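A look at the structure
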Amino acid sequence: MSAHVSRRSVLKGSLVLAFSLVVPAPSAQGQGRRLPGDLARTPGLDAWLRIGADGVVTLMTGKVELGQGILTALGQLCADELDVEPARLRILSGDTRVCPPEGVTAGSMSIPNAGAAVRQASAEVRALLVSMAATRLRVPEQRLRVQDGTVQAPGGGAVTYWALVGGQTLNREATGTVAPKAASQRRHAGRPLPRLDLPAKLTGEPRFVQDLRPDTLVHGRVVRAPTPGASLVAVETSRVAAMPGVLKVVRDGGFLGVIATREWLAVKAAAALALAARWKDGAPLPVDPHAWLLAQPTQDAVIHRVERPTDVAPTRTLEATYRRPYQMHASIGPSCAVAAWDGSTMTVDTHSQSVFETSEAIAKLLGLRKEQVHGRHVEGSGCYGHNGADDAAADAALLARALPGHAVRVQWSREDEHTHEPYGAAMVTRVRAGVDANGDVLDWDYALWSTSHGTRPFAEPGNLLAGRSLAKPFAQPTPRNGGPPSYSADRNAIPLYVFPGQTVTTHFVRAMPLRVSSMRGLGAYANVFSIESFVDELAHSAGVDPAEYRLRQLQDPRAKAVILRATERFGWSRFERRPHHGRGLAFARYKNLAAYCAVCLEVFVDPATHAPRVVRAVLAADAGEVVNPDGLANQLEGGLLQSLSWSLKEAVHHDARRILSRDWEGYPILTFSEAPPVDVQLIDRPEEPFLGAGEASQGPAPAALANAVFAATGLRVRDLPVTPERLAALRRAQGSGQ
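What you see is a predicted model; the values in this text were computed from it and never measured.

All right, on to the sheet that holds strand β9 (residues 246–252) then. Backbone hydrogen bonds are what pair the strands of a sheet, in a parallel or an antiparallel way. Pairing in this open sheet of 7 strands is mixed, and the strands run β9-β10-β7-β17-β14-β15-β16 from one edge to the other. Where the open sheet ends on each side, the last strands, each with one partner, are β9 and β16 (373–377). The mean inter-strand angle of the sheet, taken between neighbouring strand axes irrespective of direction, is 20°. Across 5 bridges, strand β7 (residues 217–223) lies against strand β10 (residues 255–260) in antiparallel orientation. When the sheet's bridge partners are listed, V223 is paired in β10 with L256. Sitting on the sheet, helix α7 (residues 263–275) is in contact with β7, β9, β10 and β17 (407–411), with an inclination near 20° to β7. Contacting β7, β9, β10, β14 (336–341), β15 (346–350) and β17, helix α10 (residues 389–402) runs over the sheet at an angle of about 30° to β14.

Let's shift gears to the nonpolar core. W444, F534, L538, F587, L644 and L705 are the most contacted members of the largest nonpolar core, which totals 89 residues. For this core, the element with the highest residue contribution is helix α12 (residues 524–542), accounting for 9 residues. The residues contacting F587, other than those within four sequence positions of it, are L496, Y497, V528, E532, L554, A559, V562, I563, Y596, C597, A598 and P700.

With respect to the helices, strands and loops of the structure, L636 is situated in helix α15 (residues 629–649). Here L636 falls in the buried class, since its relative accessible area comes to 0%. Separated by 62 residues in the primary sequence, L636 and Q698 place their C-alpha atoms 8.6 Å from one another. Apart from the residues lying within four places of it in its own chain, the contact partners of L636 are L619, A621, V680, L682, A693, A696 and S697.

What follows is about the sheet that holds strand β24 (residues 678–682). On the basis of which strands lie adjacent, the open sheet formed by 4 strands has the order β21-β22-β23-β24 and mixed pairing. One side of each edge strand has no neighbouring strand; the edge strands of this open sheet are β21 (581–589) and β24. Recorded for the sheet is a direction-independent mean angle of 15° between the axes of neighbouring strands. Summarising the sheet, β21 and strand β22 (residues 596–605) pair through 9 bridges and their orientation is antiparallel. If you follow R583 over to β22, its bridge partner there is E602.

What follows covers the UniProt feature "domain: Aldehyde oxidase/xanthine dehydrogenase a/b hammerhead" (unreviewed entry) in the protein. In this structure's numbering, the residues bearing the UniProt feature "domain: Aldehyde oxidase/xanthine dehydrogenase a/b hammerhead" (unreviewed entry) are residues 203–283. Its end C-alpha atoms 48 Å apart, residues 203–283 is made of 21% helix and 36% strand.

A word on helix α9 (residues 355–366). The first and last C-alpha atoms of α9 sit 16 Å apart over 12 residues, in line with the 16 Å expected at 1.5 Å per residue. Most of α9 is tucked away, with 10 of its 12 residues classed as buried. Its buried side turned inward, α9 meets β15, β16 and α10. G367 sits one or two residues past α9 and shows a positive phi near 75°.

This next bit is on the confidence of the model for the protein. A low pLDDT score tells you not to read the predicted coordinates there in detail. Here the protein averages 94 in pLDDT, while 95% of its residues score no lower than 70. Low pLDDT (under 50) marks residues 26–30, which in the prediction has 6 contacts with non-local residues, meaning those over four places away or in another chain.

Turning our attention to helix α3 (residues 110–137). Along an α-helix, residues three or four positions apart point the same way, because every turn accommodates 3.6 residues. The first and last C-alpha atoms of α3 sit 38 Å apart over 28 residues, in line with the 40 Å expected at 1.5 Å per residue. Burial of α3 is extensive: 22 of the 28 residues sit out of reach of the surface.

Here the focus is the pairing of β21. Among the 9 residues of β21, 9 are classified as buried, and the element is accordingly described as predominantly covered. Alternating positions in β21 separate into two faces, H581, R583, L585, F587 and R589 on one and G582, G584, A586 and A588 on the other, with burial throughout. A loop of 6 residues connects β21 with β22, the two strands running antiparallel in sequence, and K591 in this loop sits at a positive phi of about 60°.

Taken across its 6 residues, β14 has 5 buried, putting it largely inside the fold. In the sheet, β14 pairs with β17 via 5 bridges, with the strands oriented antiparallel. Bridge pairing in β17 places A337 opposite V410. Taken together, the 5 bridges between β14 and β15 define a ladder with antiparallel strand orientation. The partner of W341 across the bridge, within β15, is M346.

A few words on the packing of α15 against helix α16 (residues 700–713). When two helices pack together, you describe them by how their axes are tilted relative to each other and by the distance separating the axes. The contact between α15 and α16 brings their axes to 8 Å, and the two run at 55°. Relative to α16, the element α15 lies oblique. Seen from above, α15 lies across α16 with right-handed handedness. Contact residues: L640, S643, L644, S647 and L648 in α15; A701, P702 and L705 in α16. Its residues assigned to classes, the contact of α15 with α16 shows 6 nonpolar, 2 polar and no charged.

Definitions and limits used
Residues numbered from 1 in each chain as written. Predicted model: local features only at pLDDT ≥ 70, side-chain atom pairs only at ≥ 80, totals over all residues. Heavy atoms only, no water. Pairing = 2+ DSSP bridges. Helix = DSSP H or I, 4+ residues; strand = E, 2+ residues; numbered from the N terminus. Axes fitted to C-alpha atoms, helices over the stretch in contact; angles between N-to-C directions. Contact = heavy atoms within 4.5 Å. Core = buried A, V, L, I, M, F, W, Y, C linked by side-chain atoms within 4.5 Å. Buried < 20%, exposed > 50% of the residue type's maximum accessible area, 1.4 Å probe, protein only. UniProt positions renumbered as here; feature names shortened; annotations may be inferred. Expected span 1.5 Å × (residues − 1). pLDDT = per-residue confidence, 0-100. Parallel < 35°, antiparallel > 145°, perpendicular 65-115°, else oblique. Left-handed = near helix turned anticlockwise from the far one by under 90°. Nonpolar A, V, L, I, M, F, W, Y, C, P; charged D, E, K, R; others polar.

Right, here's the structure in full:
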């Protein structure tokens, strides 16, 4: 299980002593080999594993649990390589003073980076321990067997890991010279071990950051600007300061907050403070974000070009434009954090996905040294992206500094979350294809317009909401389209199809009228929607089955395999056409280097109301080696359902002045009754590398939906979400001949 603990408690619990062992030195052969994943950044084995004298094995990781089951999967990898039972493991994660820094838990990289590191570190620790046992038992290593941490010799001798090193550090770095086990030797990886985090959640135990109630707890609330970009002009605080239970009113420039003894008193004081504040509006918001995007100055880059080797003229050229709206993370539970300042250390309990980087940003925000902020991850509302968690942590830290000796809990409201979280960026894409007489693509020209998809704190206080409002504000770093091609806004903009001529251009917009940042899949959601919708249009234009059309323009056998698995399971070739029902297919390899995923959907569109309903879904994925089949299937299914919610319902509404989507009525999401049954098919390749699959189904889902709606209605939807109103408008336009 996972829990946040202090370094002291780790040391105490594991009985780690202040001296290190003399362990056998690694052979010179293989020294300097490249270490896998995050082990290269933190090669010390003691940073990952500790063997307690009590027989408890502590696994430490910088990756954090967001509801994706990562800690269970890491435990499986460790148990396999170390030859211990999973029940013997204690897993600590996301504590800046205990765990190895592994960056942000994002990008479907946890298993490829952290998993590879844990596997290698565990294998190397096992090798060291077996070597020590061989010396102790005077038996060659090759003749020893290990069962749940007990090393057994053929003649009956045995010694446990904890008898060998219990409570002591290994003081050794990984070498990369120990080979992890072959697939045939694994007992836990590749099997559906029950999730470690679920029992407490299902039985309602206090597990989330919202549940924390330390002895010195008080409650804080922050009053935000009522409109994006507004600045505080004046506020009268004396009446609020005199309200019952109010301990402190905190103002630092435009940062305005209150601390009270009880939560309801803090809520009432914050409401009174809001009424006492006068604000000046910022610049007007663009009412049509897509027209605004196309009108802005852009930083242009051709990120991919393939010159067509022939000069055969296309017989036809097709073109289409697609649009994605601003969308919310819309976490079910609003963000929360608890912070306490003791005069030398600021302790912050947060559900941020970037505990290390956000803690560093908070240190700069407060003018403290990096090591003076102790960040501890505690599970909160899942979001899969940059929601309000980091800002709530900064809010709590600013208030806690004003009231030393108390743990200040800041709980955002629903309206706080909806109006101030960083949104997923609106995007426009245009695609043009010249095709030959068979309808096959000769020239592919794809262009996208987008603002940033990455304004996480990254140790920059200017990326925190509070940081920009202080009396001495921190400037927000200039937004950028970070990383190599296919990394951020242009994630999955390069098609996997082998079109003879290809050009892909990114038009990056630095301006940011609405706050945006990372949301599950980044630009891949809009880019795969656009590419796979247009490929469907090309297939229909050519009079070719959409599945067959895709297969004949792909060369990657693993890409073909997921399409074939999905269509076969769906019954694509046997699909019986019924009135108002349609089938749709879409495919992508996430980031063009992670998991392969194909989605088939059947939809029904009500002819009277135009309301689309997904009847069933089949998803096939190849994520390389599968660590926990149940966990992987859950991730893919959850991603599909979240993406269907985005694609059927979700868009941030605003006018020129303010956000209008302030609650669930103004920002509806998919309900349980609207979720279709999902059949997930996994193609396991146990000898292949991990590919990462947490965001693999986000992109294919909207395209499969739009393609199925077209099959059911003849209406081609190029603007998300696919709402009844949008379909009705398309029907009216179709009827009028537009």
